[in-house]
Structure formats: C-alpha cells, structure tokens
Amino acid sequence: MNDPYLANSIEIRPIPAFQDNYIWMLVRHAQAIVVDPGDAEPVQAALRRDALSLTDIVVTHHHRDHVGGVAELVDAHGARVWGPARETIPRRQVALHEGDRIELMDQGFTVIDIPGHTLGHVALHSPGLSLLLCGDTLFACGCGRLFEGTAQQMSASLAKLARLPGATRVYCGHEYTLANIRFARAVEPDSAELAAREQRCQQQRARGLPTLPSTIAEELATNPFLRCSEPAVRAAAERRVPGAGADPVSTFAALRAWKNQF
C-alpha cells in the first residue's frame, strides 16, 4: 500500500501526546478507535475537530502513558475497552488472550502475547489491513526496555513479530526512531541500509512528520534486536560482553544492556 495511513477505507492517524508518544486513531465512516490513549485531551480534540464518534479503545499494556486517558474517554463516549488479560487495565470490558481473534471496523485482528516490556503486553495483528499495533515492544529500529520481563521473554516476543509478513506495517507507541538508529549504527557501522534509513528519517523529522509506520521487512534489515543471529551483530555483542555472541538470547541481552547506557 502506497499510503501508510490508509488501509481498506480505514484511515490510521497518529495523535502526538506527551513528549514522544503516539496515540493511534483508526477512522472509518465518522467512527474512531484509539490505541493506547495515555492522555484524553488530544483524543478529545481530534474527535471534536472531525466530528467523530469514539466506539472502542485498545490497550497494549498497563503503563500510565498508555492508559492515563482511558477512564475519561469512557466516561465521555461510552467506548468499549479491550486490553491484555494478564494486566490491570482501567475500565477494561474485553480481556485479550494469545490467539484471540477479534473484529474491529469489520476487520479481523489476532492477539499476540509479547511479554518483556511488561509481563502481560499484547499486540494486535490484522492480516487484512497488513498492520501491527505493538505498543512498546517492537520500536522502529529498536525495542522496549525490560521493565518486568526477561531477555529470553523479549527475545521470544520479538521473534514472534519477526515472523509476520514483511509488508506488515509496524505502528508502535513512541517516536524513538532516530535515537534507535544511532545505536543501531554503533552495532553495525558499515550497514548501508541503516545509513539510508537514518537519512530518510532525518528528512521526515525535519518536515515535522512521524517516522512511523515502518515495516517488518525494514526492521529485519536494520533493527539490531531482530538481527541477533547475524554474524556482525553477534560480533558486536561479543566485543561488548565476552561470551555474548554464543547464542541469540545472550546477544540480545548484551545489546539491550548496551542500549540502556547508550
């Protein structure tokens, strides 16, 4: 699809929030769904501006910057709240489990459990729309910090997402891309793909545009956390932590610790 913000008559709009969050809004026929509304005010403003009716709220995990606006939006609009079964989500009406198949705006979505950033984190994948709503697990050229889970859990979660079709568009929760690319280039300094991606994203940000969505194919080519089996990435981890290149999980753990200090 040429337009990253349009799929099967559904428009996907980024609503900036806080310093670097995106609340994703799906719009069709004057109805709207929002994903991870950490702040109600920008959502309310978007709904008023375009005379939209909020029908559903989807939550990927329990962190405040993803759920802080849920209660206010439910009180104002009566929206139905979908959220991970293994976390406490404000006003949740539908608990989401691994493998659940749900329908939103007449499109099918599959729930994927992706623990690591938090223990109950979920993603929603729509094959029909070729999109992934993944919160703070997979970022453009990066991944979330391990606040609750282990390196093994996050590595397994990212491996699930990496198996999705390459054309799948990745809608994550934060504008971290340029900082993530700077780290990725420290890991793979000779990558022409990373150099090109950095230039493209710098141009987007200079124009005030999001660097999102990316695609699974783009992440597989440039995201070090999805490339922990690649010799160059393993070698970089090994130089940082002797023994870290022995297996993909050890490589991932070394990269994540390195990124935390980068």
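The coordinates are above.
Overview of the structure.

Definitions and cut-offs
Residues numbered from 1 in each chain as written. Predicted model: local features only at pLDDT ≥ 70, side-chain atom pairs only at ≥ 80, totals over all residues. Heavy atoms only, no water. Helix = DSSP H or I, 4+ residues; strand = E, 2+ residues; numbered from the N terminus. Rg over C-alpha atoms; globule rule 2.2 N^0.38 Å. Buried < 20%, exposed > 50% of the residue type's maximum accessible area, 1.4 Å probe, protein only. Contact = heavy atoms within 4.5 Å. Areas by Shrake-Rupley, 256 points an atom, 1.4 Å probe, with all protein chains shown as cover. Arc of directions from axis to C-beta.

Of regular secondary structure, the protein possesses nine helices and 15 strands. Here the C-alpha atoms of the protein give a radius of gyration of 18 Å, agreeing with the 18 Å that 2.2 N^0.38 yields for 262 residues. Counting only C-alpha atoms, the protein reaches 55 × 40 × 30 Å along its principal axes. Here the protein holds 262 residues, and the buried ones make up 54% of them. Contacts in the protein between residues at least 24 apart in sequence constitute 56% of all its contacts with a sequence separation of at least 6. Accessible surface computed for the protein: about 11,000 Å², of which carbon and sulfur atoms make up 49%.

Here helix α8 (residues 231-240) has its buried residues at Val 233, Ala 236 and Ala 237. The buried side chains of α8 occupy one side of the element, clustering within an arc of 95° when seen end-on. α8 presents Pro 231 and Arg 239 as exposed residues on the side facing more than 90 degrees away from its buried surface. Contacts from the buried residues of α8 go to α5 (177-187) and α9 (248-261).

By themselves, these observations are geometric and do not establish any function.
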